[in-house]
Amino acid sequence: MKRIIIASSLLLALVSPVKSEPGEKGDKWVAGFVEYYDIDDDKPEPLGFYDDGTGFGAEFGERFTQEWALRLEFSYLNIDAFPGLATKDEDGYRIGIDALYFLPDDMAYIFGGLKSEVLQDTYKLANFGIGRHWVINQDWRLLTEATFYQDLDQSQRDYGLKVGLVYVFGNASPTVVNDNDNDGVVNSLDQCPNTAPGNLVDNRGCDKDLDRDGVVNDKDDCPGTAITEKVDKNGCSLFTEQQVSVNLEVLFAMNSAVINNPEDRQFLQFAEFMQRYSTTGCIIEGHASAPGNSADNMLLSQQRADAVRALLINRYNIDAQRITSQGLGESQLLDTRNTAKAHKVNRRITAKVFASKRSTITKE
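Quick caveat, the model's predicted, so the values are computed rather than measured.

Cut-off values and rules
- Residues numbered from 1 in each chain as written.
- Predicted model: local features only at pLDDT ≥ 70, side-chain atom pairs only at ≥ 80, totals over all residues.
- Heavy atoms only, no water.
- Helix = DSSP H or I, 4+ residues; strand = E, 2+ residues; numbered from the N terminus.
- Buried < 20%, exposed > 50% of the residue type's maximum accessible area, 1.4 Å probe, protein only.
- Polar contact = N/O pair within 3.5 Å; in protein donor to acceptor, adjacent residues only side chain to side chain.
- Contact = heavy atoms within 4.5 Å.
- Core = buried A, V, L, I, M, F, W, Y, C linked by side-chain atoms within 4.5 Å.
- Phe/Tyr/Trp six-rings, centres within 6.5 Å; stacked < 30°, edge-to-face > 60°.
- Lys NZ or Arg CZ within 6 Å of the ring centre and 35° of its normal.
- Pairing = 2+ DSSP bridges.
- Expected span 1.5 Å × (residues − 1).
- Disulfide = S-S within 2.5 Å.

This part is about the side chain of Asp-98. Position of Asp-98 among the secondary structure elements: in strand E4 (residues 90-102). A relative accessible area of 1% means that Asp-98 is categorised as buried. Here Gly-113 takes part through its backbone nitrogen, which lies 3.4 Å from a polar atom of the side chain of Asp-98. Only 3.0 Å separates the side chain of Asp-98 from the side chain of Lys-115, close enough to count as a polar contact. Sequence-distant contacts of Asp-98, defined by excluding residues within four places in its chain, comprise Ala-69, Leu-70, Arg-71, Phe-111, Gly-112, Gly-113, Leu-114, Lys-115 and Asn-127.

Structure (structure tokens):
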């Protein structure tokens with residue numbers, strides 16, 4: 001529903017009869033926006049636990065001719081976890097640059113660019129799309145935009161819809177300067193005239209630290225690390241390992257190991273996850289609440305874990321050799337209070353997947 005509402009709003013904006021006025025060479029703008037972000041469900045590899053999400057951010061742009069402009073964009077993202085997986089939502093950001101080409105009378109603009117996206121891993125993206133600045137008055141515009149993102153290292157594709165508010169200022173032809181790449185070295189002395197703004201350069205105007213990881217080029221054993229990643233003294237990324245577990249909400253009758261919701265979509269989603277990553281295995285753990293005899297609780301939790309294992313094998317076609325089951329009784333209570341709510345929380349089935357994801361450590 002969220003996707004339909006945002007897409008409908010964008011479509012209405014693109015066909016709106018509001019009259020726009022073309023911008024001029026020298027116009028600059030700043031904008032704030034919110035966005036809907038539809039992320040590839042294979043992301044991140046190899047576990048694929050991201051769904052869609054939302055974001056907000058800002059951009060700065062300038063028109064160098066009547067038709068052409070450049071902009072810098074930053075967006076903070078909050079991505080939902082894939083339904084059924086015991087993973088929390090992921091916060092991250094996207095930053096990059098776009099070239100914009102304005103059609104006659106600014107009826108719309110098309111754009112393309114490069115982005116760096118950080119969601120645990122760092123993704124290098126190429127993007128293109130279409131948008132429009134709708135005139136509100138002399139200084140203010142309404143921004144609407146649709147974007148397609150292609151991962152440069154993998155086959156993943158994301159999509160975004162954006163709405164925002166633009167403030168326009170400037171309207172002056174750019175001044176000719178003697179340091180075209182803004183690296184602090186004048187053109188006549190600059191032997192590397194196209195260094196990126198903000199890069200650390202030597203007195204010849206050439207990059208001392210191309211990947212901006214804090215380790216100069218002649219000591220960097222891993223050139224090309226992302227600026228957001230922590231590195232060691234040799235300039236190589238630091239990694240951490242993360243294990244995956246999934247809580248399955250299985251309904252049992254009182255003191256029974258009969259599953260009351262065998263058709264629940266969570267089982268199909270878990271089976272698809274296991275089929276996608278065919279080298280993984282898992283253990284189904286049964287947990288009981290505290291009331292009752294501990295020996296009986298241990299037996300019942302084992303029977304329930306066995307029932308879930310059998311369901312995944314017989315109905316959802318997961319190889320039996322990839323799944324084991326274990327009853328843990330009341331040995332791992334999540335809530336030790338003697339309340340109905342605590343007992344409900346403690347009665348659970350957990351699927352622990354024998355897979356780990358190697359992730360880079362990002363800077364704080």
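For soluble globular proteins, the rule of thumb is that nonpolar side chains tend to be buried together. Membership of the largest hydrophobic core comes to 25 residues, with the highest contact counts inside it found for Leu-248, Val-250, Phe-270, Ile-284, Val-308 and Leu-312. Taken together, the elements giving at least two residues each to this core come down to strand E9 (239-248), helix H2 (265-276), strand E10 (282-287), helix H3 (294-314) and strand E12 (348-360). If you tally residues by element for this core, the top one is H3, at six residues. Beyond its immediate chain neighbours, meaning those up to four positions away, Val-250 contacts Ile-259, Asn-261, Gln-266, Phe-267, Val-308 and Ile-349.

Below, the discussion takes up the packing of aromatic side chains. Counting across every chain of the model gives 13 aromatic pairs. Taken together, Trp-29, Phe-102, Tyr-109 and Phe-111 form an aromatic cluster joined through their ring pairs. Above the ring of Phe-102, the side-chain terminus of Arg-63 is found at 3.8 Å from the ring centroid. Of note, Arg-71 hangs over the ring of Phe-111, and the distance from its end group to the ring centre comes to 4.8 Å.

Relative to strand E8 (residues 157-170), strand E1 (residues 27-38) runs antiparallel, the two being bridged by twelve bridges. Within E8, the position partnered with Val-30 by the bridge is Tyr-167. In this structure, E1 lies alongside strand E2 (residues 50-63), joined through eleven bridges in antiparallel fashion. Paired with Asp-38 across the two strands is Asp-52, which belongs to E2.

Turning next to H3. Taking 1.5 Å per residue, 21 residues should reach 30 Å; H3 reaches 30 Å between its end C-alpha atoms and fits that length. Looking only at H3, the buried set comprises Asn-297, Leu-300, Ser-301, Arg-304, Ala-305, Ala-307, Val-308, Leu-311, Leu-312 and Ile-313. If you check the start of H3, you find a side-chain oxygen 2.8 Å away from the backbone N of Ala-295, and it comes from Asn-293.

Here we come to the state of the cysteines. The bond known as a disulfide is covalent and runs between the sulfur atoms of two cysteines. All chains considered together, the criterion is met by one disulfide. The disulfide partner of Cys-222 is Cys-236, and the S-S distance across this bridge is 1.8 Å. For the disulfide bridge between Cys-222 and Cys-236, the dihedral angle about the S-S bond is near 80 degrees, and by the sign convention the bridge is right-handed. Within this pair, whereas Cys-222 is found in the loop between E8 and E9, its partner Cys-236 is found in the loop between E8 and E9, the two being separated by 14 residues in sequence. Using a relative accessible area of 26% as the deciding quantity, one classes Cys-222 as partly exposed.

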